[in-house]
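# Coordinate analysis (summary)
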Amino acid sequence: MKKHIPIICCVLSCLLTVLCLFRISALEDRLYSLQNSVSNMHSVLHDDIRNIATNVKNSVEEGNNLLSTSSYSLEDPNLKNGTVDLSCIVTLKEFEPDGTTAVLTCNDKEYPMNLKNGDFVAKFPISIFDSSRVTEVSFSKDGVVRTQALDWYINPRDEFVPRLYASCSGTSTGSVSGANTFNWHKNGTLRVSVEQKGGLDYEVNSLDLIRVIDGEEVERSALLGEQPENAVVFGKKPAAIVTNDDPLELTLEINESFECPFGSTMLLMVEMTDSSGFTHRAIVDEVKVSADGKLNDDTIPRWHGASGNIYDRDGNLICGVDWSDVNYSYLYK
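Keep in mind the model is a prediction, meaning the values are calculated, not measured.

### So, a nonpolar patch on the surface
A grouping of L31, L34 and V38 is seen on the molecular surface, where their side chains present a nonpolar patch of about 280 Å² in accessible area. Mapped onto the elements, L31 comes out in helix α1 (residues 5–64).

Structure representation (structure tokens):
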């Protein structure tokens, strides 16, 4: 019996070791669960403290806010003048009507407000193409001026002006063809869309693909009216009525070669005129050929994906950016 005692002790030791391992594993699980619980409690407590701070800040700001209500609306767009009326209404929480005056600041210019049925109102024109910012309204009584920040950012163009988008995907190749001539071949798809997100309806009077070499138009193809066989157009013909729910979309397969003289820049552009009298132009491709007949990859990347520039009846750029340092004023005569 005595000779089995060491074996029995070893077996008991192994069993105790296994039991300890199980206990250690259970303790590790409990510790991990406790750590997660503490972490979650810390996150909840942090969020609660942050919410309390935010609520206190909002309450302080609300308590310091001079206004009970404030709002604005855009009315009476005048596309010929390029303006739209901004109508603003603000209501003081507490005020004495007699002797209280109000002034609204928009684009760093002050506009006096009139008292009407307990509200201060103002209506004045702003640019329909440029964004405007109403920064504050000030109230004056007995020489004491109180100012309330507003920070209204207004972009009428999104509501009242159609946007022309055009792009041309695919492949292009080029080679020298004859003396002082570079032959550029485009095989791809032209995509054109005209959007009007506001409540006005616009009629697209013309939509053309034009080719320009060094500021001189050399070719123009109509995309509305008589259609090429490989063009697919969604919209009315020959003109299209563009609304918020019914944009104009067009696709056209292009497989054509264009000749470019050495030392020249060629632009492919989509040009649109609408019922407002404005002209929209969007570049879809640009080719620059050096004086020794080599293709220059120094193009204008910033116009990719951007909406087209807008020009008035006199050809002045009123919305958009210059594409390059080249003067394309010929287009606007």
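Now that the structure has been shown, the text picks up again.
### Description of the nonpolar core
Among the nonpolar cores identified, the biggest contains 32 residues, and L86, M113 and F139 are the most heavily contacted of them. Of all the secondary-structure elements, those providing two or more residues to this core are β1 (67–78), β2 (83–92), β3 (101–106), β4 (109–116), β5 (119–127), β6 (132–141) and β7 (144–154). At five residues, β2 tops the list of elements feeding residues into this core. When sequence neighbours within four positions are dropped, the list of residues in contact with L86 reads Y72, S73, L74, C106, A122, K123, F124, I126, V134 and I154.

### Notes on unusual backbone geometry
If you check the backbone angles, D76 has positive phi at about 50° while not being a glycine. Structurally, the position occupied by D76 is in strand β1. You will see that D214, though not glycine, has its phi angle at about 50°, which is positive. Relative to the helices and strands, D214 resides in the loop between β10 (202–213) and β11 (216–222).

### A short note on the sheet that holds β3
With antiparallel pairing, the seven strands of this open sheet are ordered in space as β1-β2-β5-β4-β3-β6-β7. In this open sheet, the two edge strands, each paired with only one partner strand, are β1 and β7. Averaged over neighbouring strand pairs, the angle between their axes works out to 25° when direction is ignored. Pairing analysis gives three bridges linking β4 to β5, with the strands arranged antiparallel.

### Thoughts on the confidence of the model for the protein
Scored by pLDDT, the protein has a mean of 79; 80% of the residues are at 70 or more. Predicted confidence in the protein is weakest over strand β12 (residues 231–234), with a mean pLDDT of 46, and strongest over β5, with 94. Every residue in residues 228–238 is under pLDDT 50, and counting partners more than four places away or in other chains gives 24 contacts. Within the model, the stretch residues 325–333 combines pLDDT values under 50 with 19 contacts to residues more than four positions away or in other chains.

Quick notes on the rules
- Residues numbered from 1 in each chain as written.
- Predicted model: local features only at pLDDT ≥ 70, side-chain atom pairs only at ≥ 80, totals over all residues.
- Heavy atoms only, no water.
- Patch = residues over 30% accessible without salt bridge, like charges linked within 9 Å, V, L, I, M, F, W, Y side chains within 5 Å.
- Areas by Shrake-Rupley, 256 points an atom, 1.4 Å probe, with all protein chains shown as cover.
- Salt bridge = Lys/Arg side-chain N within 4 Å of Asp/Glu carboxyl O.
- Helix = DSSP H or I, 4+ residues; strand = E, 2+ residues; numbered from the N terminus.
- Core = buried A, V, L, I, M, F, W, Y, C linked by side-chain atoms within 4.5 Å.
- Buried < 20%, exposed > 50% of the residue type's maximum accessible area, 1.4 Å probe, protein only.
- Contact = heavy atoms within 4.5 Å.
- Pairing = 2+ DSSP bridges.
- Axes fitted to C-alpha atoms, helices over the stretch in contact; angles between N-to-C directions.
- pLDDT = per-residue confidence, 0-100.

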